[in-house]
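Take a look at the letters that make up each chain.
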Amino acid sequence: MKITKVKLENYRNYHYSVVEFDDGITLISGANGQGKTNLVESIVLASTTKSPRTSSLQETIRDGETQAVVEICAERNYGNITLGYKIDSKGDKHFSVNGNEVKKLSEVFGNIVVIYFCPDHLKIVSASPAERRDFMDTDISQLSGSYYNLLQRYNKILMQRNKLLKTERDRSVLLSMISVYNEQLAGVASLIIKTRKGFIEKLREPAKEAMKFISSAKDELEIEYVGARGASAEEIKTELLKALEFNLERDIELGYTSIGPHRDDIYLGLNGKDARSYSSQGQQRSIVLALKFAEMEIFKNELGENPILVLDDVFSELDTTRQRRLYEKMSGYQAIMTGTAFKFKPTGDYQQVIVKNGNAKIKQIKR
Ligand SMILES: Nc1ncnc2c1ncn2[C@@H]1O[C@H](COP(=O)(O)OP(=O)(O)OP(=O)(O)O)[C@@H](O)[C@H]1O
Ligand SMILES: [Mg+2]
């Protein structure tokens, strides 16, 4: 699939801009603070309903304006798609697919599928488990809107269980109600964990291969899901119920639920050691890119067509060999990339977009 057009109205520092995209590689360049990241943010936001930059979407309205509007058009092998995003200063937000406002956010997923990289994603390796769970959840949601609905259901039950743990002083009431919540929670959680394990399973070999490719066979990547044991949803559910029972006294003391998919993690190993504490910054960047490359393959297989790569500032800190390898990997995909300057250009055709003070101009198409 490919994005053909992005239209921004009073979005961040853009007043009004229409950018038409070509197949293949697009290099978005410009000085610091001109609006490169804002432009790619709008693509990610309209296609996933979440901004990688902020959880407060009112921030996306241009200063002094009352509403921001984004429209993204794409071609898929079955037809054209237009996704819309609109937010006003009261915080009222609307997402649409082909002009029809969606009732559930999950309806937006999967229409325009992007694999997104930004330097902040280095946290996937170095930071807390929450970053790794977020990586999985965002990307699985793009392939399956029902997975996103499961997460929402899980969070709702979890909040109810936590409230009970925190506020219920009558022990017999608490014990009888908690077993109802345990059953509900374990049911939904087992489906989430099963899906995540399947995703990690599919990611493992391609990620290993990609890591070899990026590191010239120097680095070996391992990847494991860390959470309840079991392969089938039934097995996982049984494990979770046992663990919820086992941890009940602790949970009552803490006032919240201390086990479950909201606490799970992905183990990333590099050359037999924990990558979190062991890997260098360059290796961390390579690990994240290896995960993204692996996703390219998974998404391609699941969708039956290529996802779109959106890469913000991917080249900083990468030497020319690695940059060249990255370009090689992009062959056949639409790749929209930002950078202050692209010292090293693709060998084939590419499109250049120059961003200056919230204005995006297509400067040239080299052939
Ligand atoms: N709601 C808003 N209204 C107006 N301007 C905004 C808004 N939100 C952000 N900006 C401005 O957008 C600019 C940042 O744009 P962006 O992050 O896209 O820059 P960039 O081109 O990616 O720069 P860099 O090369 O440093 O990454 C900042 O100058 C910021 O003040
Ligand atoms: Mg930027």
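Quick caveat: nothing in here was measured; it's all calculated off a predicted structure.

**Student:** Quick question: what am I supposed to make of the sheet that holds strand 9 (residues 221-226) here?
**Tutor:** Sheet strands pair via backbone hydrogen bonds, and the direction of the pair is either parallel or antiparallel. Pairing in this open sheet of three strands is antiparallel, and the strands run 9-10-11 from one edge to the other. With one partner strand each, in any of the chains shown, strand 9 and strand 11 (273-274) form the two edges of the open sheet. Where helix 5 (residues 171-214) meets the sheet, it contacts strand 9 and strand 10 (265-270), and its direction lies at approximately 175 degrees from that of strand 9.

**Student:** Got a minute to help me understand the layout of surface pockets in this structure?
**Tutor:** Here the idea is plain: a probe the size of a water molecule rolls over the atoms and shows the empty space left. Computed from the structure, the largest pocket encloses a volume of approximately 560 Å³. Forming the boundary of the largest pocket are 26 residues, of which Lys50, Ser51, Pro52, Asp134 and Thr138 lie nearest the centre. Those elements that provide at least two residues to the lining of the largest pocket are helix 1 (36-48), strand 8 (114-117) and helix 3 (129-143). Ranked by residues supplied to the lining of the largest pocket, first place goes to helix 3 with six residues. The residues that make up the lining of the largest pocket include at least three from each of domain 1 (1-113 + 307-367) and domain 2 (124-303).

**Student:** Mind showing me how you'd approach the sheet that holds strand 6 (residues 93-97) here?
**Tutor:** Taking strand neighbours across the sheet as the criterion, the six strands line up as 2-1-4-5-6-7 in an open arrangement whose pairing is antiparallel. One side of each edge strand has no neighbouring strand; the edge strands of this open sheet are strand 2 (14-20) and strand 7 (100-101). The strands that helix 1 touches are strand 1 (2-11), strand 2, strand 4 (67-76), strand 5 (79-88) and strand 6; relative to strand 1, the one it contacts most, it runs at about 110 degrees.

**Student:** Help me understand helix 1 in this model?
**Tutor:** The periodicity of an α-helix, 3.6 residues per turn, causes residues three or four places apart in sequence to face the same way. Over its 13 residues, helix 1 extends 19 Å from the first C-alpha to the last, a length consistent with the 18 Å expected when each residue adds 1.5 Å. Every buried residue of helix 1 is accounted for by Lys36, Asn38, Leu39, Val40, Glu41, Ser42, Ile43, Val44, Leu45, Ala46, Ser47 and Thr48. Following helix 1 by one or two positions, threonine 49 has its phi on the positive side, about 70 degrees.

**Student:** Would you explain the environment of threonine 238 in this entry?
**Tutor:** Within the element layout of this structure, threonine 238 appears in helix 6 (residues 233-246). Along the chain, threonine 238 and glutamate 183 lie 55 residues apart, while their C-alpha atoms are 9.8 Å from each other.

**Student:** Quick question: what am I supposed to make of the side chain of serine 17 here?
**Tutor:** Structurally, the position occupied by serine 17 is in strand 2. A distance of 3.3 Å separates a polar atom in the side chain of serine 17 from the backbone nitrogen of alanine 360. Serine 17 has contacts with Val6, Lys7, Leu8, Gly358, Asn359 and Ala360, leaving out every residue within four places of it along the chain.

**Student:** Got a minute to help me understand the pattern of salt bridges in this structure?
**Tutor:** Considering all chains together, one arrives at 19 salt bridges under this definition. Note that glutamate 59 and arginine 12 form a salt bridge whose closest N and O atoms lie 3.7 Å from each other. Of this pair, glutamate 59 sits in the loop between helix 1 and strand 4 while arginine 12 sits in the loop between strand 1 and strand 2, and the two are 47 residues apart along the sequence. Salt-bridge contacts for lysine 123 lead to aspartate 120; the nearest nitrogen and oxygen are separated by 3.2 Å. Judged by its relative accessible area of 40%, aspartate 120 falls in the partly exposed class.

**Student:** Can you walk me through the packing of helix 5 against helix 9 (residues 281-303) in this structure?
**Tutor:** Axes are the key here: two packed helices are described by the angle between their axes and the distance separating the axes. One way to put it is that helix 5 packs onto helix 9 with a least axis distance of 7 Å and a crossing angle of 125 degrees. Between helix 5 and helix 9, the angle falls in the class oblique. Considering the relative orientation of helix 5 and helix 9, their crossing is right-handed. Residues Phe199, Lys202, Leu203, Pro206, Ala207, Ala210, Met211 and Ile214 of helix 5 pack against Gln283, Ser286, Ile287, Leu289, Ala290, Leu291, Phe293, Ala294, Glu295, Glu297, Ile298 and Glu302 of helix 9. A breakdown of the residues in the contact of helix 5 with helix 9 according to their chemical character gives 14 nonpolar, two polar and four charged.

**Student:** I tried to follow the packing of aromatic side chains on my own but got confused; where do I start?
**Tutor:** Each aromatic ring pair is specified by the distance between its two centres and by the angle formed by the two planes. Summed over all chains, the structure comprises seven aromatic pairs. Plain terms: the ring middles of tyrosine 85 and phenylalanine 95 are 5.3 Å apart, the flat faces sit at 40 degrees to each other, and that makes the pair tilted. Taken together, the positions of tyrosine 85 in strand 5 and phenylalanine 95 in strand 6 put the pair ten residues apart, joining distant regions of the chain. Summarising the aromatic geometry, the rings of phenylalanine 315 and tyrosine 327 are spaced 5.1 Å apart at their centres and angled 85 degrees between planes, so their arrangement reads as edge-to-face. Of this pair, phenylalanine 315 sits in the loop between strand 12 (308-311) and helix 10 (320-330) while tyrosine 327 sits in helix 10, and the two are twelve residues apart along the sequence.

Rules used in this analysis
Residues numbered from 1 in each chain as written. Chains lettered and ligands numbered in written order. Predicted model: local features only at pLDDT ≥ 70, side-chain atom pairs only at ≥ 80, totals over all residues. Heavy atoms only, no water. Pairing = 2+ DSSP bridges. Helix = DSSP H or I, 4+ residues; strand = E, 2+ residues; numbered from the N terminus. Contact = heavy atoms within 4.5 Å. Axes fitted to C-alpha atoms, helices over the stretch in contact; angles between N-to-C directions. 1 Å grid on protein atoms, 1.4 Å probe; cavity = no way out; pocket = protein on both sides within 12 Å on 5 of 7 lines; lining within 4 Å. Points joined across faces, edges and corners; volume = space filled by probe spheres on them. Domains from an automatic or database assignment. Expected span 1.5 Å × (residues − 1). Buried < 20%, exposed > 50% of the residue type's maximum accessible area, 1.4 Å probe, protein only. Polar contact = N/O pair within 3.5 Å; in protein donor to acceptor, adjacent residues only side chain to side chain. Salt bridge = Lys/Arg side-chain N within 4 Å of Asp/Glu carboxyl O. Parallel < 35°, antiparallel > 145°, perpendicular 65-115°, else oblique. Left-handed = near helix turned anticlockwise from the far one by under 90°. Nonpolar A, V, L, I, M, F, W, Y, C, P; charged D, E, K, R; others polar. Phe/Tyr/Trp six-rings, centres within 6.5 Å; stacked < 30°, edge-to-face > 60°.

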